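Chain residues, written in single-letter form:
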Amino acid sequence: MIATRNLDLALTALAPAIWGSTYLVTTELLPPGYPLTVAMLRALPAGLLLLLIVRRLPSGIWWPRTFLLGALNFSFFWAMLFVSAYRLPGGVAATVGAIQPLIVILLSRVFLGSPIRALSIVAGLAGIVGVGLLVLTPGATLDPLGVLAGLAGAVSMAFGTVFSRHWAPPVPPLTFTAWQLAAGGLLLVPVALFFEPTLPSLTAANVAGLAYLGLVGAAFTYLLWFRGLSRLEPTAVAPLGFLSPVVAILLGWGVLDERLTPVQALGILVVLISVWLSQRAQLAPRVRPARA
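Predicted model only: the values in this text are computed from it and were never measured.

> Help me understand unusual backbone geometry in this model?
Outside of glycine, negative phi angles account for most residues, and trans bonds account for most peptide bonds. With a phi close to 50°, Arg55 is a non-glycine residue in the positive phi region. When you line up the elements, Arg55 lands in the loop between helix 3 (35-54) and helix 4 (62-87). For Arg55, a relative accessible area of 71% gives the class exposed. Despite not being glycine, Asp257 has its phi angle at roughly 60°, a positive value. With respect to the helices and strands, the residue Asp257 is situated in the loop between helix 12 (243-254) and helix 13 (262-283). According to the relative accessible area criterion, Asp257 is exposed, its value standing at 69%.

> Which parts of the structure should I look at to understand the packing of aromatic side chains?
Here a ring pair, both rings aromatic, is described through the centre-centre distance and the interplanar angle of the planes. Under the defined criterion, the tally for this structure stands at 14 aromatic pairs. Geometrically, the ring pair formed by Trp62 and Phe176 is edge-to-face, given 6.1 Å between the ring centres and 90° between the ring planes. Within this pair, whereas Trp62 is found in helix 4, its partner Phe176 is found in helix 9 (residues 173-195), the two being separated by 114 residues in sequence. Judged by relative accessible area, Phe176 falls into the buried class, the value being 3%. Taking the ring centre of Trp62 as reference, the NZ or CZ of Arg65 above it sits at 5.2 Å.

> Hey, could you run me through the layout of surface pockets in this one?
The gaps left among the atoms become clear once a water-sized probe is rolled over them. Considered as a void within the structure, the second largest pocket measures approximately 320 Å³ in volume. The wall of the second largest pocket is formed by 16 residues, among which Met1, Arg5, Arg231, Leu232 and Glu233 lie closest to the centre. Contributions of two or more residues to the lining of the second largest pocket are made by helix 1 (2-19), helix 11 (234-237) and helix 13. Per element, the largest residue contribution to the lining of the second largest pocket is four residues, and it comes from helix 1. Class assignment for the residues of the lining of the second largest pocket results in six nonpolar, four polar and six charged.

> Even after reading the chapter, I still don't get the nonpolar core, so can you show me in this structure?
For soluble globular proteins, the rule of thumb is that nonpolar side chains tend to be buried together. Trp78, Phe176, Leu181, Tyr222, Trp225, Phe226 and Val271 are the most contacted members of the largest nonpolar core, which has 50 residues in total. Ranked by residue count, the leading element in this core is helix 3, at eight residues. Contacts of Tyr222, omitting those with residues within four sequence positions, involve Trp19, Asn73, Phe74, Trp78, Met157, Thr177 and Gly217. Counting residues in hydrophobic clusters, the runner-up holds seven residues, among them Leu107, Ala154, Ala158 and Val162.

> Could you clarify how one ought to interpret a nonpolar patch on the surface in this entry?
On the surface, Leu49, Leu52, Ile53 and Leu215 cluster together into a nonpolar patch covering about 390 Å² of accessible area. Counting residues per element, the nonpolar patch draws most heavily on helix 3, at three residues. Within the secondary structure, Leu49 sits in helix 3.

> Help me understand empty space enclosed by the protein, please; the structure alone is not making it clear to me.
Evaluated as defined, the whole model comprises one cavity of 30 Å³ or more. The computed volume of the largest cavity comes to approximately 50 Å³. Considering the residues around the largest cavity, the lining is formed by Pro101, Val104, Ile105, Ser120, Ala123, Gly124, Thr235, Ala238, Pro239 and Ser278. Of all the secondary structure elements, the ones that give two or more residues to the lining of the largest cavity are helix 6 (100-112) and helix 7 (118-135). Across the lining of the largest cavity, the residue classes break down as six nonpolar, four polar and no charged.

Here is what the cut-offs are and how they apply
Residues numbered from 1 in each chain as written. Predicted model: local features only at pLDDT ≥ 70, side-chain atom pairs only at ≥ 80, totals over all residues. Heavy atoms only, no water. Helix = DSSP H or I, 4+ residues; strand = E, 2+ residues; numbered from the N terminus. Buried < 20%, exposed > 50% of the residue type's maximum accessible area, 1.4 Å probe, protein only. Phe/Tyr/Trp six-rings, centres within 6.5 Å; stacked < 30°, edge-to-face > 60°. Lys NZ or Arg CZ within 6 Å of the ring centre and 35° of its normal. 1 Å grid on protein atoms, 1.4 Å probe; cavity = no way out; pocket = protein on both sides within 12 Å on 5 of 7 lines; lining within 4 Å. Points joined across faces, edges and corners; volume = space filled by probe spheres on them. Nonpolar A, V, L, I, M, F, W, Y, C, P; charged D, E, K, R; others polar. Core = buried A, V, L, I, M, F, W, Y, C linked by side-chain atoms within 4.5 Å. Contact = heavy atoms within 4.5 Å. Patch = residues over 30% accessible without salt bridge, like charges linked within 9 Å, V, L, I, M, F, W, Y side chains within 5 Å. Areas by Shrake-Rupley, 256 points an atom, 1.4 Å probe, with all protein chains shown as cover. Salt bridge = Lys/Arg side-chain N within 4 Å of Asp/Glu carboxyl O.

Right under this line is the structure:
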């Protein structure tokens, strides 16, 4: 049982670890200034490809649920993420978004009846501190709209995470991933067309970057993510997202020759401890109040 759970955790953790490579791929391989268009091209082709593989569409109540989940996990989340990234320094945006596991704890209590464990709260707060040490700079400034967008994105992803488990789709994770990616990509089409200019002619590097973000960074990773949500509690899955900034920092250091400071090294350690604490919290027995 423990071995199976550890395998599920390891496979699920691969998703945010791979998401940590998004910054490197975006900055090195994609044309700048088209975040919404790139998000749409990341989700829609991958979703349509998976639909061709699974050959199954939603039915009944799963049509509105699929588009709602597609918006929460992709369309609205990515849009708010980009607004936050444009209006805030990257470190502030990442730190604001790191509040998501704490929101998941609250939503899991409301919708799933999961207990609120003190150790989970401590782990979530430690994760926020660790991300702050990783990415915040002394000159970081706050923009109210950017902060609100970052919080809205965190709330959106938290609702998507909890509802993906709460509704328990009657299909395999691959089909569930195909539905959400396609729906999220379709919702992003009018937004990208309205707010951004047409993409320039794509180079081979651009195509390679988009293929990686779509096939690996979206289709493969979200298959692992939704698989994990079908087997593990959302309060165990959400803190794994702290691994994304860790991988992003390490790739910048190892591939782009960026400097890794002692404070960032401490941040990596704090993040890893927070993830470990969050998983220890899930193994703690529930404390039931004594009856009078």
